[in-house]
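A look at the structure
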Amino acid sequence: MSRSKVDVVLGAFYGDEGKGKIIDYLSTNADISIRCTGGNNAGHTIEVNGEKFAFHLIPSGVLNKGTLAVIGNGVVIDPKVLIEEINNLKEHGYSVDNLRISDKAHVIMPYHIAMDKMLEENRGNNKIGTTCRGIGPTYCDKYERSGIRVQDFIRPRFADLVRTNVANKNKIFKAFGYPEMDAEAIIKEYTEYAEIIKPYVVDTVVLLHNAMNENKKLLCEGAQATLLDIDFGSYPFVTSSNPSLGGICTGSGISPKDVGEVYGVIKAYSSRVGAGPYITEQNNEIGDMIRELGHEYGTTTKRPRRCGWLDLVALKYAVMLNGITGIAINHLDTIGKLDKIQLCVAYNHKGKITTDFSTTPEYLENCEAVYEEFDGNFGDISNIKKREDLPENAKKYLARIEEIAGAPIKFIGTGAGRENLIVC
Ligand code: GDP
Ligand code: IMO
Ligand code: MG
């Protein structure tokens, strides 16, 4: 039997592009849906029959009855949040029997969350605007080799690891004048969580490769996005993992050779939460209008998102870095409510027009967006099912995006609901 390829859905900009919605569609044909990076800094929204689900850790594909939902080794897991998510799904009548958690994923502990908050508070005017979910400090411990993996978490050695880590962290908390933590209280509380999580824990690498050998359909659900990548994003205003394609492979154990389609998700405009450069940001009434029309408030932190025009220079960079084979563009309905739309087609770097993107601050600081103007007023497109049936103004806008980005558009989001999607 032939071995299957793994399709990937990832964010091409600064996150919140509507990855959840595309995953939801694709997972109807998937045997396994996999989260590979990040933790509960992610918030992936799916609207089914008017009901909203926000996924933070469990792959959104879990809503599809036959799909196995895998949390891969590259994910950092807050057990409390995971259990809340499991319970919420059960309350809504969804089974979580098909959840599998990697024994190699790392656990977010209370001292990681406290450390994230403490470091952010002490950054003064240079705040990153993290989600304060303990993501950065957990990855720090992973790479420093003092992290607690899921396989440690569910075994008796957990207690000793917590005692050692808490003793070390307390020295830092004390130096900063922050409250120290009680190792024994943490052990007691978290041992109860470990019991709940234990039945779901397996070696997911073996599971995924066996499934590929059986020609099963696998789908990776990217979290965060390319411009938040620790290596390729606007460092230090990034997350602490590699949400781009390389991180998806190491965060799951899937070989790059096994990757099939790579869908890069964008919105028909752009948004960013947290600090950092953002060339096409509209910190004015246009940005405010986009925020209200698109309901751009964080799924995880409820923060208002910074909004602006779509940046094709950044998109071209994401296409290049991830080998994107298809673009999914959401919120075409939202941008179509404006009279006039600006599309960033190039940068003006010290008088030179270029489509080269770089996250080097000295470069970005000297770039200005070059815009082309498009007519909006698309009308109600929410029920259109074919790209050719879209109004002319929308078609012109999409064609220009494809032309510059260098990848075809495969999905068009025309509303928040599961049914508001054009599959090209
Ligand atoms: P993710 O993190 O990439 O999964 O995206 P989020 O869920 O954080 O944010 C995307 C938001 O846009 C959610 O509220 C979705 O319900 C909504 N959404 C997704 N696609 C569309 C679309 O095509 N049109 C509209 N109006 N809303 C959309
Ligand atoms: P999804 O998967 C948007 C941002 C934070 C902050 C920076 C670092 O829903 O697209 P962290 O807590 O990760 O250390 O914060 O990264 N960030 C996101 N922004 N969507 C996300 O996930 C994000 N995950 C992290 O706002 O600027
Ligand atoms: Mg989100």
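What counts and how
Residues numbered from 1 in each chain as written. Chains lettered and ligands numbered in written order. Predicted model: local features only at pLDDT ≥ 70, side-chain atom pairs only at ≥ 80, totals over all residues. Heavy atoms only, no water. Near = heavy atom within 4 Å. Polar contact = N/O pair within 3.5 Å; in protein donor to acceptor, adjacent residues only side chain to side chain. Areas by Shrake-Rupley, 256 points an atom, 1.4 Å probe, with all protein chains shown as cover. Nonpolar A, V, L, I, M, F, W, Y, C, P; charged D, E, K, R; others polar. Buried < 20%, exposed > 50% of the residue type's maximum accessible area, 1.4 Å probe, protein only. Helix = DSSP H or I, 4+ residues; strand = E, 2+ residues; numbered from the N terminus. Pairing = 2+ DSSP bridges. Domains from an automatic or database assignment. Patch = residues over 30% accessible without salt bridge, like charges linked within 9 Å, V, L, I, M, F, W, Y side chains within 5 Å. Salt bridge = Lys/Arg side-chain N within 4 Å of Asp/Glu carboxyl O. Donors = N, O, S within 2.8 Å, 3.2 Å for Na, K, Ca; no water. Contact = heavy atoms within 4.5 Å. Buried area = accessible area lost by both parts, 1.4 Å probe. Core = buried A, V, L, I, M, F, W, Y, C linked by side-chain atoms within 4.5 Å.

Glancing now at the site of ligand 2. Around ligand 2, the surrounding shell holds 20 residues, and the nearest of these are K19, H44, T131, Q224 and T239. Interatomic distance of 2.7 Å between a side-chain N/O atom of K19 and an oxygen atom of ligand 2. T239 has a polar side-chain atom sitting 2.6 Å from an oxygen atom of ligand 2. Protein chains bury 98% of the 550 Å² of accessible surface belonging to ligand 2 in isolation. Across the shell around ligand 2, the residue classes break down as seven nonpolar, 10 polar and three charged.

For the rest of this paragraph, the subject is the pairing of strand β10 (residues 218-221). Burial along β10 is two-sided: L218 and C220 facing one way and L219 and E221 facing the other are all buried. Strand direction decides the pairing type here: strand β1 (residues 6-11) and β10, joined by four bridges, are parallel. Considered in β10, the bridge of V8 is made with C220. Across four bridges, the pairing between strand β2 (residues 32-35) and β10 is parallel. Bridge pairing links S33 to L219 in β10.

So, about the site of ligand 1. Close to ligand 1 lie 19 residues, the nearest being K19, G43, T45, H331 and D333. Separating an oxygen atom of ligand 1 from a side-chain N or O atom of R305 is a distance of 3.1 Å. D333 is positioned such that a nitrogen or oxygen atom in its side chain is 2.8 Å from a nitrogen atom of ligand 1. Burial of ligand 1 by the protein chains amounts to 94% of its free accessible area of 580 Å². Elements represented by at least two residues in the shell around ligand 1 include exactly α1 (19-26), β3 (44-48) and α12 (332-335). Of all the elements, α1 adds the most residues to the shell around ligand 1, at three residues. Looking at side-chain class alone, the shell around ligand 1 contains one nonpolar, 12 polar and six charged residues. Looking at the shell around ligand 1, you find at least three residues from each of domain 1 (6-102 + 201-263) and domain 3 (266-423).

Take a nonpolar patch on the surface next. A contiguous nonpolar patch, built from L119, I172 and F176 and spanning about 220 Å² of accessible area, is present on the exposed surface. Mapping I172 onto the fold places it in helix α6 (residues 158-176). With relative accessibility at 34%, the residue I172 sits in the partly exposed group.

Coordination of the magnesium ion (ligand 3) by the protein is provided by D16 (OD) and G43 (O), with metal-donor distances spanning 2.0 to 2.2 Å. Of this pair, D16 sits in the loop between β1 and α1 while G43 sits in the loop between β2 and β3; the two residues are 27 residues apart in sequence, bridging distant segments of the chain.

For the rest of this paragraph, the subject is the domain arrangement of the protein chain. The assigned domain composition of the protein chain is domain 1 (6-102 + 201-263), domain 2 (106-196) and domain 3 (266-423). Of note, the centres of domain 2 and domain 3, computed from C-alpha atoms alone, are 37 Å apart. In this assembly, six residues from domain 2 lie in contact with five residues from domain 3. Interface area for domain 2 against domain 3, summed over the two sides, is near 350 Å², with a carbon-plus-sulfur share of 45%.

Residue pairs three or four apart in sequence face the same way in an α-helix, which turns once every 3.6 residues. For α1, a buried count of seven out of eight residues is recorded, marking the element as mostly surrounded by other parts of the structure. Of the residues making up α1, those classed as buried are K19, G20, K21, I22, I23, D24 and L26.

The next point concerns the sheet that holds strand β19 (residues 409-413). Spatial ordering of the open sheet is given by β9-β7-β5-β2-β10-β1-β11-β15-β19-β20, a layout of 10 strands whose pairing is mixed. Pairing within the sheet leaves two strands with one partner each, and these edge strands are β9 (201-202) and β20 (421-423). The sheet contact formed by strand β15 (residues 326-330) and β19 spans three bridges and is parallel. In the sheet register, A328 faces β19, and the bridge partner there is F411.

Ranked by internal contacts, the top residues of the largest apolar core, which has 57 residues, are L332, I335 and Y397. Here the element with the most residues in this core is helix α14 (residues 392-405); it accounts for six residues. If you count residues domain by domain, this core takes at least three from each of domain 1 (6-102 + 201-263) and domain 3 (266-423). Once residues lying within four places of it in the same chain are set aside, the contact partners of Y397 are A268, L310, L332, I335, I341, L343 and F374.

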